[in-house]
Amino acid sequence: MSGDDVVVRAAVPQDDPERVFDVLWQLAPGDSRPDADRLACAWRDLHAQAGRRLLLAVAGDTFVGTLDTLVAPNLTHGARPYMVVENVVVAPTWRRRGVARVLMLAALEYATAAGCYKVQLVSNAARTEAHRFYASIGFAQSAVGYRRYLTTAP
Ligand SMILES: CC(C)(COP(=O)(O)OP(=O)(O)OC[C@H]1O[C@@H](n2cnc3c(N)ncnc32)[C@H](O)[C@@H]1OP(=O)(O)O)[C@@H](O)C(=O)NCCC(=O)NCCS
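Quick caveat: nothing in here was measured; it's all calculated off a predicted structure.

The next point concerns the site of the ligand. Close to the ligand lie 18 residues; Arg 95, Ala 100, Arg 101, Ser 123 and Glu 129 are nearest. Ranked by residues supplied to the shell around the ligand, first place goes to helix 4 (residues 128-136) with five residues. Taken together, the residues of the shell around the ligand sort by class into eight nonpolar, three polar and seven charged.

The following block contains the structure:
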C-alpha cells in the first residue's frame, strides 16, 4: 500500500489471539475480554473451519487491522459459494491510510479465487463512517439486514 509498510496476510494458528483481540477490541471498546482458555479455544476452532480466513494487516510486528472472511458452500447461483465478511476494524492511529481498503481488496481477491458470486456483510446502522468506507470500495446498500442477538451464554 502506498507509503506505509503494511502487509496483509492470512492469520495462522501460531499468531497470538490475544494480540488479534487487542485490534478487534477497537470495534467495541467496553466489550469484555474472553479469558485466555476461551480465546485459545475459539482461535483453534476458527483455524479448523473450512473456508475461514482471518486477514491481518501487519506493520512491522504490530497488528493494525483485521477482517474476517468465510466462504460458504452454496446450492444456488450455479452452486457457487458466497463470502461473508465480519469484524472489519483498523486501529485508530492507522485509519484513513488505506489499511481497510487493502484488507478488503485481499478479501475480494480471495472470494474471486474461490469462485464466489457475491461478498456480503452487515454493518450496524450507526456506523456511518464504515458505510462510507464500504461505498468507497464498491459495496452497494442493496439489502435490508436483519439480526437477532442471542444473549444466553453457554
Ligand atoms: C471503517 C474503518 C474500518 C475504515 O478503515 P480505514 O483503514 O480508515 O479505511 P481506509 O483508509 O482504507 O479508507 C478508504 C476510503 O474509505 C472512505 N472512508 C474511510 N473512513 C472514512 C471516514 N471515517 N469518513 C468518511 N470516509 C471514510 C474514504 O473514501 C477512504 O478513502 P480516502 O481516505 O482516500 O478518502 C475504520 O474507520 C474502523 O476501524 N472503524 C471502527 C470500526 C468499524 O466501524 N468497523 C466496521 C464495522 S461494520
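Spatial ordering of the open sheet is given by 1-2-3-4-5, a layout of five strands whose pairing is mixed. Looking at the sheet topology across the chains shown, the edges are occupied by strand 1 (6-10) and strand 5 (119-120). By the bridge criterion, eight bridges tie strand 2 (residues 52-59) to strand 3 (residues 62-72) in an arrangement that is antiparallel. Bridging across to strand 3, Val 58 finds its partner in Phe 63. Packed onto the sheet, helix 1 (residues 17-24) meets strand 2, strand 3 and strand 4 (82-90) and runs at close to 90° relative to strand 3. Sheet strands in contact with helix 3 (residues 99-113) are strand 1, strand 2, strand 3, strand 4 and strand 5, and its direction is about 25° off that of strand 3.

Let's shift gears to the nonpolar core. One broad rule of soluble globular proteins: the nonpolar side chains tend to lie buried together. Leu 55, Ala 57, Leu 67, Val 99, Leu 103 and Ala 107 are the most contacted members of the largest nonpolar core, which totals 25 residues. The leading source of residues in this core is helix 3, at seven residues.

In this section: the environment of Gly 115. With respect to the element layout, Gly 115 can be found in the loop between helix 3 and strand 5. Distance in space between the C-alpha atoms of Gly 115 and Met 83 is 9.7 Å, their sequence separation being 32 residues. When neighbours within four sequence positions are excluded, Gly 115 is seen to be in contact with Arg 80 and Pro 81.

At a closest axis distance of 10 Å, the pairing of helix 1 and helix 2 (residues 36-48) adopts a crossing angle of 95°. Relative to helix 2, the element helix 1 is oriented roughly perpendicular. Of the residues in helix 2, those in contact with Pro 17, Glu 18 and Phe 21 of helix 1 are Leu 39, Ala 40 and Trp 43. Residue composition of the contact of helix 1 with helix 2, by class: five nonpolar, no polar and one charged.

Of all nine residues making up helix 4, only zero are buried, and the element is barely covered by its neighbours. Phi turns positive one or two residues past the end of helix 4, at Gly 138, with a value near 95°.

Look at any regular strand and the pattern is simple: side chains alternate between the two faces of the sheet. Hairpin remark: strand 2 followed by strand 3, antiparallel, with two residues in the connecting loop; positive phi at Gly 60, about 65°. Here seven bridges tie strand 3 to strand 4, and the two strands are oriented antiparallel to one another. Bridged to Thr 66 within strand 4 is Val 89.

Listing the buried residues of helix 1 in full gives Pro 17, Val 20 and Val 23. Down the axis of helix 1, the buried set is contained in an arc of 110°. They therefore lie on one face. The elements touched by buried residues of helix 1 are helix 2, strand 2, strand 3 and strand 4.

The rules behind each value
- Residues numbered from 1 in each chain as written.
- Predicted model: local features only at pLDDT ≥ 70, side-chain atom pairs only at ≥ 80, totals over all residues.
- Near = placed C-beta within 6 Å.
- Helix = DSSP H or I, 4+ residues; strand = E, 2+ residues; numbered from the N terminus.
- Nonpolar A, V, L, I, M, F, W, Y, C, P; charged D, E, K, R; others polar.
- Pairing = 2+ DSSP bridges.
- Contact = placed C-beta atoms within 7 Å.
- Axes fitted to C-alpha atoms, helices over the stretch in contact; angles between N-to-C directions.
- Core = buried A, V, L, I, M, F, W, Y, C linked by C-beta atoms within 7 Å.
- Buried ≥ 20, exposed ≤ 12 C-beta atoms within 10 Å, placed from the backbone.
- Parallel < 35°, antiparallel > 145°, perpendicular 65-115°, else oblique.
- Arc of directions from axis to C-beta.

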